2 protein chains.
Amino acid sequence: MATGMSQIGSSSDFGGELLSATVRRLVLDRIVQGHYRPGERIVEFKLAKELGLSQSPVREGLRELAAVGIITIHPRRGARVRLPSAKELADVSVVRAEIDALAARLAAPRIPDAALDDLDGLIGEMLTQLDAGDFSRVTAADVRFHHLIAEASENHALERAFDQLAPFARTFITLTLPDVDVRGIVLEHRPILAALRARDADAAAEAARAHQLSVSELLQTHFPATLGDPFQAQEEEAGT
Amino acid sequence: MATGMSQIGSSSDFGGELLSATVRRLVLDRIVQGHYRPGERIVEFKLAKELGLSQSPVREGLRELAAVGIITIHPRRGARVRLPSAKELADVSVVRAEIDALAARLAAPRIPDAALDDLDGLIGEMLTQLDAGDFSRVTAADVRFHHLIAEASENHALERAFDQLAPFARTFITLTLPDVDVRGIVLEHRPILAALRARDADAAAEAARAHQLSVSELLQTHFPATLGDPFQAQEEEAGT
DNA sequence: TTACGCTCGATTATCGAGAAACCATCGTAG
DNA sequence: CTACGATGGTTTCTCGATAATCGAGCGTAA
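Residues numbered from 1 in each chain as written. Chains lettered and ligands numbered in written order. Predicted model: local features only at pLDDT ≥ 70, side-chain atom pairs only at ≥ 80, totals over all residues.

Caption draft 1: Geometry of the protein's contact with DNA strand D. Near DNA strand D lie 18 residues; those nearest to it are Leu19, Leu53 and Ser54 of chain A together with Phe45 and Gly78 of chain B. At 3 residues, the largest contribution of residues to the surface near DNA strand D is made by helix 4 (residues 55–68) of chain A. A per-class count over the surface near DNA strand D returns 7 nonpolar, 7 polar and 4 charged. (Near = placed C-beta within 6 Å. Helix = DSSP H or I, 4+ residues; strand = E, 2+ residues; numbered from the N terminus. Nonpolar A, V, L, I, M, F, W, Y, C, P; charged D, E, K, R; others polar.)

What follows is the structure, encoded as structure tokens:
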């Protein structure tokens, strides 16, 4: 492939950050941007050589991604990008319906006004980026929106649970964006915000739950019985 | 090649298991059994020497534990056992109330009869081990009980979320077991099982939620004021 | 032709050592 | 006496290399 450039040392070197963290972010970006395709194998040895560093940090970074469920690692068989099946995405939505509902309920009485304004801004950001066609930023804003609520719940376990599930949202959008009414989904954030502003815990919880459940429904509408599409071993390397 | 010839190689060597996995289990056991105290530092170098292997597997095992939240790792500052504060345990219970309720609801219509019998057996196991005074096995059976339900939900995301929270149950018992009516808590499993047997999703969900909430209450009763949380969990995870 | 066993290339898992970073202690200046 | 800077020991983080393991392809036998 490319001549052995060490992207790490020059381009994306963060402050005192660990190399494993850098690798983690880099691989995650590549997955999100589609450079690494679902099911594609990631060879730590090759990646290490490409980035100009040894296996250890690469290995660690991949493990961390595996811990969050972005990729799968089988002992002595290496790592593969894991594209969740439609069923799995629907599963995530169902769980998030409960998680997000709880988060909204807990956040309602205690979320600061400043955060509420931030939420407002994030909805605007989603709409703007939606018009601009930058779906990657749409999901980014979406994740930040919901994360902010989870954070405001002041329940650390809840926040962690959320963080574990959030990355799947990206996959969801990437999968469905072509023909789906994303705008409708985005607009569903407004009732959540409104309920939070009103400090109405029950209403906020319900709005949040409804939001996730509609995502879940959308998935089932879009992939009626296409559940047999899990992971295919793709050795093709002709990256776009 | 240490003279002591390594506990790993002889005592607890599993089939084709990775050394990192062995380390993970060993450290987890030590934490549960109180050998490693909360807040205590775990030096990977020393641990590696003690076990007669190199740092790499130890390091990986510790990272995996950190990913689940059992210990905390700060870059270049090492790993510390993290005993969750009472508040945090209560937080976990609140989240598990929702998770377990959802699991029970989904499991009710589809859990196999054989699994129901297993659940029955596990309740018996808990009571037996409780009388025997082996609290470690009590928690083990408890975790298996709830995990079985999560598994029966056939929702993989749910199962993962559960697995992330489950380890805290051990801490809970270890913390509270001296003076608390553990038997009462254990007996609360029966209504859950009964509802599942009756295939009553709503009842099962409610029983499961009630069970976790009573755990949560117990914690707040036992640690009225926010128990000293010497070390606050700090996430260095940047989602975006 | 099909199935089995074997060898070979490729990749992971582990090792041991070196360099960088952190924490604590001590010494000195104000 | 207090505050600041240098110094040393300890531990992490990274590296390069070795050993173990997996999957595929080839050849041979029934």
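Caption draft 2: Molecular detail of the relation of the copies chain A and chain B. Under the fitted operation, chain A is carried onto chain B by 0.0 Å of movement along the axis and a turn of 180°, and the coordinates agree to an RMSD of 0.3 Å. Taken together, the rotation and translation describe the operation of a two-fold axis. A share of 81% of the interface residues of chain A reappears at the interface of chain B, consistent with the copies meeting face to face through the same patch. (Least-squares fit on C-alpha atoms with pLDDT ≥ 70 in both. Contact = placed C-beta atoms within 7 Å.)

Caption draft 3: Region of the structure containing the sheet that holds strand 3 (residues 78–81) of chain B. Residues and elements named next belong to chain B. Taken together, the 3 strands give an open sheet; going across it, the order is 1-3-2, and neighbouring strands pair in antiparallel fashion. If you trace the sheet from one side to the other, it starts and ends with strand 1 (41–42) and strand 2 (71–74), each paired once. Across 4 bridges, the pairing between strand 2 and strand 3 is antiparallel. Each bridged residue has a counterpart across the sheet, and for His74 the counterpart in strand 3 is Gly78. The sheet strands contacting helix 4 (residues 55–68) are strand 1, strand 2 and strand 3, and the helix crosses strand 2 at an angle near 110°. (Pairing = 2+ DSSP bridges. Axes fitted to C-alpha atoms, helices over the stretch in contact; angles between N-to-C directions.)

Caption draft 4: Seen up close, the environment of Gly121 of chain B. Within the fold, Gly121 of chain B resides in helix 6 (residues 113–132). Sequence-wise, Gly121 of chain B and Phe145 of chain B are 24 residues apart; in three dimensions their C-alpha atoms are separated by 9.3 Å.

Caption draft 5: Main features of the domain arrangement of chain A. All names here are of chain A. Each assigned domain of chain A is listed here: domain 1 (2–82) and domain 2 (86–222). Facing the 4 residues of domain 1 at the interface are 4 residues of domain 2. Each residue belonging to the side of domain 1 that touches domain 2 can be placed in one class, and the counts come to 3 nonpolar, 1 polar and no charged. (Domains from an automatic or database assignment.)

Caption draft 6: Layout of unusual backbone geometry. In this structure, Arg199 of chain A takes a positive phi of about 60° despite not being glycine. Judged by the 13 C-beta atoms lying within 10 Å of it, Arg199 of chain A is partly exposed. Even without a glycine there, the phi angle at Arg76 of chain B is positive, about 60°. Secondary-structure assignment places Arg76 of chain B in the loop between strand 2 and strand 3. Residue class for Arg76 of chain B comes out exposed when judged on the 7 C-beta atoms lying within 10 Å of it. (Buried ≥ 20, exposed ≤ 12 C-beta atoms within 10 Å, placed from the backbone.)

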